Amino acid sequence: MASLSFSYAALADIDVYPPNWWVGMEKSNVELMLHGDGVANYSASTDSSDVTLVDTTRLDSENYLFVTLNTKSAEAGNINISLSAPDGTSQEIKYALNARNPNSQSRVGFGPKDAIYLIAPDRFANGDETNDSVDGYKDSLNRTNKGGRHGGDIQGIIDNLDYIAEMGFTQIWSMPLLENAMDEYSYHGYSTTDYYKIDPRYGSNAQYQELSEKAAEHGVGLIMDMVLNHIGSGHPWVEDKPSDDWLNNKGVFVGTTHKRDSLHDPHAIQSDIDAFSDGWFVPSMPDLNQRNPHLANYLIQNAVWWVEFANLSGIRVDTYSYSDKDFLSAWTTRLMEEYPNLNIVGEEWSVNPAITAYWQAGSHRHDDYVSALPSVMDFALQNAVAEGLTSKEGWNTGLSSIYETLATDFLYGEPNNLVIFADNHDMSRVYSQVDEDINHWDMTMTFYLTSRGIPQVFYGTEILMSNPNTEDHGIIRSDFPGGWSSDAKNAFTGEGLTDKERWAQSRIKQLLSLRQDYPAVFEGSFKHYAPVDGVYAYARQAIDVNKDNHDKHVKSKSPVILVILNKNDKASTVNMNKYKVVIDGRKNMIRLKDDKIFAASQSVTLAPMSANVFIVK
């Protein structure tokens, strides 16, 4: 270890990250970051008989000390860490090693039987008006400002768990709730200033735990949105970096090229790769250098800490590919070693399925890169559906865009574990994408709630929220009606909704009921027919897996969910014998929208511009 010369003073407050840990983890070492004035000049020791102090490391700042503990033989309880100054004075830190929940490691994350509700917490519901503005945080309540804070919070989500569960959603993905001590535009949450603290304008760490517990009582899991690539300019690391290489480009803004293709381009030069990975999004989001092993370990442990602390069912990773590749391999590997059945979805905003598939575990890759990432966001399918349902039908346009995109599923390690979506917090709302055509909206949402993959629905989609004539994110993330006591319109109760909005809400609920009634079907197979004359059909069915040889075969007696989209502006008659391979001798079909029963062998007339769902038994 290099010898460093720092001045020192008597220590006052010392921040310790992570603030506690657990015994019985898969990896027994935990590296603590101690932060305090001059703490690097102190030596550390522990009097614990069952915890070993493995190492202490000092970097470039005198205000950080990294202390590695081995907890392999530890029992739950508190240990004392003693910090000693050269003059013989010392200070004690009491550090908690907690017992894990019995089933923590074996937790089962979100999957194809689930449906995710994506919430912008500042814009969903204001359950606690006392935290709308908080002393010490400059960005305070201003509901008239489309880019300001509107007051939604964790309590607002807790208060409306009944609504979320009754709609049929089984997972909540909230945009980040961690502290964003930024002067403006802090509501979106992607400029973290404290990785271990819920922003007090949303609530507290304890309240986040309460959300997880009460959501679980409703049969709803909690997915945390994590940002590994960058921090907010208000983070203490900006003014006092633990090491000179803590931030990319020496802490000076250099914009990213956003050319993610350079990571895979066989002709790329290294400078293009570096310009993508090391560049910053904007000056207010300093880019982290995860090649620093202490920073990498900090981010890995932080993710483990939140899974354990808040009993998470999954993680969504923002701007996934912008972080260092080797770090992402280590991060995903460690998380999946600790929680083998957890689900993690990475955001790779590319409409090229080959680029997206690269990051998913088990995918066919052009190199020997190791990824343990279970899922990715399917932007390729989102783009194909948006084009396919709004463009003119042709031999390679219209519905063929959807068909051809799904035909590239051979690239993915597990296509049914992809997260699929019509829109999200960063793009135009789906009702605006389809020019507020209710039939196009119905076809779009029916597809996403019955196709292969795990559907994610952006809050407000169920009541046709839109952003006409603007792409402003503050408008896209408008307030959910009824989330504020002064709202005249209330989507939670239905008060003030139009007939069309009520119909859309009931349609989403109806479609989501399929996942409640037939979970094995959505964990099963997806088979589709090539589109013909503006009609596209596919079937979902449960499968059996032979545990000895992993062979898969369709369950012969299980129901089939058959979906037929008629994009034509006139009625189309379909002879159901065309689908006899998937119907496979089943006799009757029940149409979801009206419970009408058809013989599985008869012809069915499909209404113009319609999404038709049949349960075949």
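What you see is a predicted model, and the numbers here were worked out from it, not measured in a lab.

Student: Honestly, the overall build of the protein in this entry has me stumped. Any pointers?
Tutor: Secondary structure summary: the protein contains 16 helices and 28 strands in total. Computed over its C-alpha atoms, the radius of gyration of the protein comes to 26 Å, within 12% of the 25 Å expected for a compact globule of 617 residues. In terms of overall dimensions, the protein has C-alpha extents of about 90 × 60 × 50 Å along its principal axes. Residues classed as buried in the protein amount to 59% of the 617 residues present. When contacts within the protein are restricted to residue pairs at least 6 apart in sequence, those whose partners lie at least 24 apart make up 72%.

Student: Where do I start with the pairing of strand β15 (residues 343-346) in this structure?
Tutor: Taken residue by residue, a regular strand's side chains alternate between the two faces of the sheet. Neither face of β15 is left uncovered, since the one carrying N343 and V345 and the one carrying I344 and G346 both have all their residues buried. In this fold, strand β14 (residues 314-317) hands off to helix α7 (residues 325-338), which returns the chain to β15; that crossover is right-handed. Note: β15 against strand β16 (residues 375-376), two bridges, orientation parallel. Note on β16: the bridge partner recorded for V345 is S375.

Student: Any chance you could explain the sheet that holds strand β1 (residues 15-17) here in plain terms?
Tutor: Two orientations exist for strands paired in a sheet by backbone hydrogen bonds: parallel and antiparallel. The strand order β1-β3-β6-β5 describes an open sheet built from four strands, whose pairing is antiparallel. In this open sheet, the two strands that pair with only one neighbour each are β1 and β5 (52-57). Adjacent strand axes in the sheet meet at a mean angle of 25° when their direction is disregarded. Alignment of β1 against strand β3 (residues 29-35), held across three bridges, turns out to be antiparallel. Its bridge partner lying in β3, Y17 is registered against M33.

Student: Would you mind showing me how to read the packing of aromatic side chains here?
Tutor: On inspection of all chains with the given rule, the structure shows 41 aromatic pairs. Plain terms: the ring middles of Y358 and Y369 are 5.5 Å apart, the flat faces sit at 15° to each other, and that makes the pair stacked. Of this pair, Y358 sits in the loop between α8 (353-357) and β16 while Y369 sits in the loop between α8 and β16, and the two are eleven residues apart along the sequence. Taken individually, Y358 and Y369 each receive the classification buried, so the pair is uniform in this respect.

Student: Would you mind going over the packing of helix α12 (residues 438-448) against helix α14 (residues 499-517) with me for this structure?
Tutor: The packing of two helices is summarised by the inter-axis angle and the distance between the axes. At their nearest, the axes of α12 and α14 sit 11 Å apart, and the two run at 15° to each other. Taken as axis vectors, α12 and α14 run roughly parallel relative to one another. With respect to the hand of their crossing, α12 and α14 are arranged in right-handed fashion. On α14, the residues that touch I438, W441, D442, M445 and T446 of α12 are K500, W503, A504, R507, I508 and L511. Here the contact of α12 with α14 is composed, by residue class, of seven nonpolar, one polar and three charged.

Student: Mind showing me how you'd approach helix α6 (residues 293-310) here?
Tutor: Since the α-helix advances by 3.6 residues per turn, residues separated by three or four positions end up pointing in the same direction. Compared with an ideal rise of 1.5 Å per residue, which puts 18 residues at 26 Å, α6 spans 26 Å between its outermost C-alpha atoms and is within 8% of the ideal. Capping the start of α6, N292 holds a side-chain oxygen 2.9 Å from the backbone nitrogen of H294, two or three residues further along. Positive phi shows up at N311, right after α6, with a value of about 55°.

Student: Mind showing me how you'd approach unusual backbone geometry here?
Tutor: A cis amide bond links Y17 with the next residue in sequence, P18, at an omega value of -5°. In this structure, P18 sits in the loop between β1 and β2 (21-22). Positive phi values are uncommon outside glycine, yet N311 reaches one of about 55°. Along the polypeptide, N311 turns up in the loop between α6 and β14. Residue N311 is classed as partly exposed on the basis of its relative accessible area of 42%. For T319, which is not glycine, the phi dihedral falls at a positive 40°. Here T319 falls in the buried class, since its relative accessible area comes to 8%.

What counts, and at which threshold
Residues numbered from 1 in each chain as written. Predicted model: local features only at pLDDT ≥ 70, side-chain atom pairs only at ≥ 80, totals over all residues. Heavy atoms only, no water. Helix = DSSP H or I, 4+ residues; strand = E, 2+ residues; numbered from the N terminus. Rg over C-alpha atoms; globule rule 2.2 N^0.38 Å. Buried < 20%, exposed > 50% of the residue type's maximum accessible area, 1.4 Å probe, protein only. Contact = heavy atoms within 4.5 Å. Right-handed = clockwise from strand over helix to strand, strands pointing away. Pairing = 2+ DSSP bridges. Axes fitted to C-alpha atoms, helices over the stretch in contact; angles between N-to-C directions. Phe/Tyr/Trp six-rings, centres within 6.5 Å; stacked < 30°, edge-to-face > 60°. Parallel < 35°, antiparallel > 145°, perpendicular 65-115°, else oblique. Left-handed = near helix turned anticlockwise from the far one by under 90°. Nonpolar A, V, L, I, M, F, W, Y, C, P; charged D, E, K, R; others polar. Expected span 1.5 Å × (residues − 1). Polar contact = N/O pair within 3.5 Å; in protein donor to acceptor, adjacent residues only side chain to side chain.

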